[in-house]
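Below are the chains, spelled out letter by letter.
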Amino acid sequence: MKTIITIAASVIALGCNAQQALWGTSVVVSPEINSDNTVTFRLAAPNAKTVQVTGDFLPPQKIKTPHGEFDAPGVADLEQKDGMWQFTTSGALDPELYSYTFLVDGLKITDPSNVYQLRDVTSVTNIFIIDGATADYYKVKKVPHGSVSKVWYHSPSLGMDRRLTVYTPAGYEKGDKNYPVFYLLHGMGGDENAWTELGRAAQILDNMIAEGKAEPMIVVMPNGNADLEAAPGESSLGFAQPTIQLPKTMDGSFETHFPEVVEFIDSNYRTKTEKHSRAIAGLSMGGFHSMQISKEYPDMFDYVGLFSAAILPKEGSESPVYANFEDKLKTQFDKKPALYWIGIGETDFLYKANEEYRKLLDRNGYKYIYHESPEGHIWKNWRMYLIEFVPQLFK
């Protein structure tokens, strides 16, 4: 009998270990959004010597790299009392989606009390939202919801099956209507998940369409890294380490193969296929791709958005895509695109390049809309640019 009881106890113990996640609930509240929109961060670390929080809710700090000076998230010190470290922002935070991590004796960790996290290339951070203003577009509201699908297609030019993310508006599955298509591109090191996860694109589209501020549309978010099948951890490469140092980056490969993406979408979705029913935009590398693709295929897109766009091709690239740039640009603008939109942050490391590009457009009398925002090369700006850009499409 004693043996049976011992075995039973062991089985229960093993079951508890297997189900450990069920019992690992944190008793520490962090972050706590206070009634005045200040935010308190807490971390139980009784043996730590220093604890700091770093995130985009703090004033940015300048860092110097071999490639120039860049804005980085600010850092603030937490104070300890009885093993609990705590920091409260000195003032109310503006409505926005923010990201942060902790630094414990110099080691970066995520907040163990906050299960909400995102990956941006190799960085994993916690997130929280301060309600109000444009941040309300990032939330799931009680409105009709579109669908987000992960779809595979074959690329003959790249010699592989590749994945893209497709947003279809509410009601798409039940109707027979054809829709305009918006191709939305990510930055270097990003992937086909970036705009739905970091950019909150599905929530933004749902909410703006529900308010009548945006036309119902299909949004296609391809993987802009021509050497990859899909996002890290979701391809045949397995759990390979994410990196921005990828082959075929801004060398013309992605631009050359892009008509295959358009053909796949038009063949598998109910789309409007005329130029006036297509838009393309992207951030950073995706802005570069949008600029190059739209001038390379001037009859394909009537709406173009450059969000903090890289302007110059990769050094040493000899792709024909980048040859005769000004002649191709003239052909594009002679066809009078319905919208050519440029947005950049005033401290963005690509600001000067964008300023030079706008001078080129101005010298030639090419019409565009320009939006300059505070801060730099950050998702906060790109989400805002998407909110500014989408209502101007397909009018």
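Just above, that's the structure.
In short, a report on the structure. What you see is a predicted model; the values in this text were computed from it and never measured. (Residues numbered from 1 in each chain as written. Predicted model: local features only at pLDDT ≥ 70, side-chain atom pairs only at ≥ 80, totals over all residues. Heavy atoms only, no water.)

**Points about the overall build of the chain**
So, point 1. A tally of helices and strands in the chain yields eight helices and 20 strands.
So, point 2. In terms of overall size, the chain behaves like a compact globule, its C-alpha atoms giving a radius of gyration of 24 Å where 395 residues would be expected to give roughly 21 Å.
So, point 3. Projected onto its principal axes, the C-alpha positions of the chain cover 85 × 50 × 45 Å.
So, point 4. For the chain, the residues scored as buried account for 49% of the 395 residues in total.
So, point 5. Taking as baseline every contact in the chain between residues at least 6 positions apart, the subset at least 24 positions apart corresponds to 74%.
So, point 6. Of the roughly 19200 Å² that the chain leaves accessible, carbon and sulfur atoms contribute 54%.
So, point 7. Of the charged side chains in the chain, 37 are positive and 49 negative, and the gap between their average positions amounts to 3 Å. (Helix = DSSP H or I, 4+ residues; strand = E, 2+ residues; numbered from the N terminus. Rg over C-alpha atoms; globule rule 2.2 N^0.38 Å. Buried < 20%, exposed > 50% of the residue type's maximum accessible area, 1.4 Å probe, protein only. Contact = heavy atoms within 4.5 Å. Areas by Shrake-Rupley, 256 points an atom, 1.4 Å probe, with all protein chains shown as cover. Lys, Arg positive; Asp, Glu negative; His and termini not counted. Charge placed at Lys NZ, Arg CZ, Asp CG, Glu CD.)

**Overview of the layout of surface pockets**
So, point 1. Estimated volume of the second largest pocket: approximately 210 Å³.
So, point 2. Around the second largest pocket sit 14 residues that line it, and Asp 94, Glu 96, Tyr 98, Glu 375 and Lys 380 are the ones nearest its centre.
So, point 3. Counted by class, the lining of the second largest pocket contains eight nonpolar, one polar and five charged residues. (1 Å grid on protein atoms, 1.4 Å probe; cavity = no way out; pocket = protein on both sides within 12 Å on 5 of 7 lines; lining within 4 Å. Points joined across faces, edges and corners; volume = space filled by probe spheres on them. Nonpolar A, V, L, I, M, F, W, Y, C, P; charged D, E, K, R; others polar.)

**Re helix H8 (residues 379-389)**
So, point 1. Across the eleven residues of H8, eight count as buried, placing the element largely inside the fold.
So, point 2. Among the residues of H8, Trp 379, Asn 381, Trp 382, Arg 383, Tyr 385, Leu 386, Ile 387 and Phe 389 are the ones counted as buried.

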